[in-house]
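Fold and geometry: a report
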Amino acid sequence: MLKVLSSFGGIEVISKGLNWIYIPFLALVLPAYIFGEIVYYHAFLAVATSALYFGQNRAVLMFSSRTYMVRPLFISLAIVLSILLAILLISYFLSINKAFFPFVAAFFIVIHNLICLENRVFGNIQRFTVTRLAYVLMRLVIGGGVLYSTKEPLYYFVCEIVAVIVSFFLMYYFTYNENKHENKHENKHETTQLMRVYFVFGIPIFIQSVFFALSQSLDRLLLEHFGYGNLLAEYGVIVAISSSITFIMAYLSIKYEVEIYRSSEKAIAREIAGKFLRQSVIFSLGMFPFLLLIYFFYQYIKGGTVDVLLFTSVFLSSLIMAKFHSFSYFATYCEKNNMISKVALVISLLTIFVTYAFVSNMGRDGIVIAKLLTVAIILGVTDISLRYLK
């Protein structure tokens, strides 16, 4: 167990756990109307971060171990910076003032994550650990302290930026003497050629990621846009509590994903993917009563009413992601990465459609319907797609 926790995957799970604490913590210490705004900003930030990645998270994993004249991470950062400047310029001419803070904060988060990914590629476990954990801890301390004392929601973005900067400082302070990776300059590609390769590589991933992030965050954006802001605080807590089951999936993916890819036969890979799915469902359902109790406790403290149907629908929409992950692992084994992208895009587009159609017109009841339809969509699309992997 200690070996797993001290690995890259274990550190990732720990950091996700600390990250998860942040939103429920704010829900407890902040007034509902302020926390509701932060839920909206959090959803906006998730979409902005996905857009700025522009597929460079996968590019870093794929190209960083190769040798070039220019450090591959710098190419990815240049592309991300170019995308940021383009978005800010468009926002300026269209007078979309709300875009500035979310995209600047997203830029710092993307830089942080790309550096962490490069450290994973080169096996820099110490740098990875310090950078990753420093960010989430500073987010809790700085973000929680500033937002609690000022009650100013816009500081949410400022705290994200400060947390990233502090994590970089701590990374270089504690790991300054650690051996750095070196590029041997064997393949002397021109910088412009590399940028073109990275840019083209990122386009399909960008499309898939943005639509997927939008499908996950659209409900909260619509609640604010169509005047259901009073529901945002409660709904934000429900989403945070329900999403805690992703830690189970993260742990099981560490346990089974590599095993799937190393399988000697397709039947064995399918069986292990099925085992991942079954255990994810069983353990998550086992957690459901405890998560519901946490939701009851929060509503009791805040004096709100408990909506079991809403909580259950959001929980099921989080649980069904185990089905998609199981499919994607098996499809990766079958070398059908294009199919994964197409399936994710179809699911995202259908989810966006039903979410907009029901939430914009029905508010709370619309969320329940949209979430249950999302479960049906993911089940249907992945089951149909699996037939082509036999």
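See the structure printed just above.
Scoring rules and cut-offs
- Residues numbered from 1 in each chain as written.
- Predicted model: local features only at pLDDT ≥ 70, side-chain atom pairs only at ≥ 80, totals over all residues.
- Heavy atoms only, no water.
- Core = buried A, V, L, I, M, F, W, Y, C linked by side-chain atoms within 4.5 Å.
- Buried < 20%, exposed > 50% of the residue type's maximum accessible area, 1.4 Å probe, protein only.
- Helix = DSSP H or I, 4+ residues; strand = E, 2+ residues; numbered from the N terminus.
- Contact = heavy atoms within 4.5 Å.
- Axes fitted to C-alpha atoms, helices over the stretch in contact; angles between N-to-C directions.
- Parallel < 35°, antiparallel > 145°, perpendicular 65-115°, else oblique.
- Left-handed = near helix turned anticlockwise from the far one by under 90°.
- Nonpolar A, V, L, I, M, F, W, Y, C, P; charged D, E, K, R; others polar.
- Phe/Tyr/Trp six-rings, centres within 6.5 Å; stacked < 30°, edge-to-face > 60°.
- Lys NZ or Arg CZ within 6 Å of the ring centre and 35° of its normal.
- Salt bridge = Lys/Arg side-chain N within 4 Å of Asp/Glu carboxyl O.

**Some thoughts on the nonpolar core**
In this structure, F35, L52, F103, L114 and F324 are the most contacted members of the largest nonpolar core, which totals 122 residues. Element by element, the count of residues in this core is highest for helix α3 (residues 32-53), at 14 residues. Apart from the residues lying within four places of it in its own chain, the contact partners of L52 are V80, I83, L84, I87, F103, A106, F107 and V110.

**What about the packing of helix α14 (residues 321-333) against helix α15 (residues 337-362)?**
Relative orientation and spacing of two packed helices are given, respectively, by the angle between their axes and the distance between those axes. Interaxial distance between α14 and α15 falls to 8 Å at its minimum, and their mutual angle equals 155°. Judged on the interaxial angle alone, α15 and α14 are roughly antiparallel. By crossing handedness, the relation of α14 to α15 is classed as right-handed. In contact with F324, F327, S328, A331 and T332 of α14, α15 contributes N337, M339, I340, V343, A344 and I347. Taken together, the residues that form the contact of α14 with α15 break down as eight nonpolar, three polar and no charged.

**Observations regarding the packing of aromatic side chains**
Tallied over the full model, the rule gives 13 aromatic pairs. The interplanar angle of 50° and the centroid separation of 5.8 Å between the aromatic rings of F288 and F311 together place this pair among those described as tilted. One end of the pair, F288, is in helix α12 (residues 266-302); the other, F311, is in helix α13 (residues 308-319), with 23 residues separating them in the sequence. For the pair F288 and F311, a shared accessibility class is recorded, and that class is buried. A connected cluster of aromatic rings, assembled from ring pairs, spans Y22, Y40, Y41, F44, F103, Y156 and F157. One cation-aromatic arrangement involves K151 over Y148; the distance from NZ or CZ to the ring centre is 4.4 Å.

**Examining the pattern of salt bridges**
Under the definition given, this model contains six salt bridges. Here E160 ties to R139 by a salt bridge, and the two come within 2.6 Å at their closest N and O atoms. On the criterion of sequence distance, the pair formed by E160 in helix α8 (residues 155-174) and R139 in helix α7 (residues 125-150) is long-range, its members being 21 residues apart. Here E160 matches R139 in class, with each residue buried. Close ionic contact of E234 with R364 constitutes a salt bridge, the shortest N to O distance being 3.0 Å. In this pair, E234 is assigned in helix α10 (residues 229-242) and R364 in helix α16 (residues 364-386), connecting sequence segments 130 residues apart. Under the relative-accessibility criterion, E234 is labelled buried at 10%.

None of this, on its own, says anything about what the molecule does.
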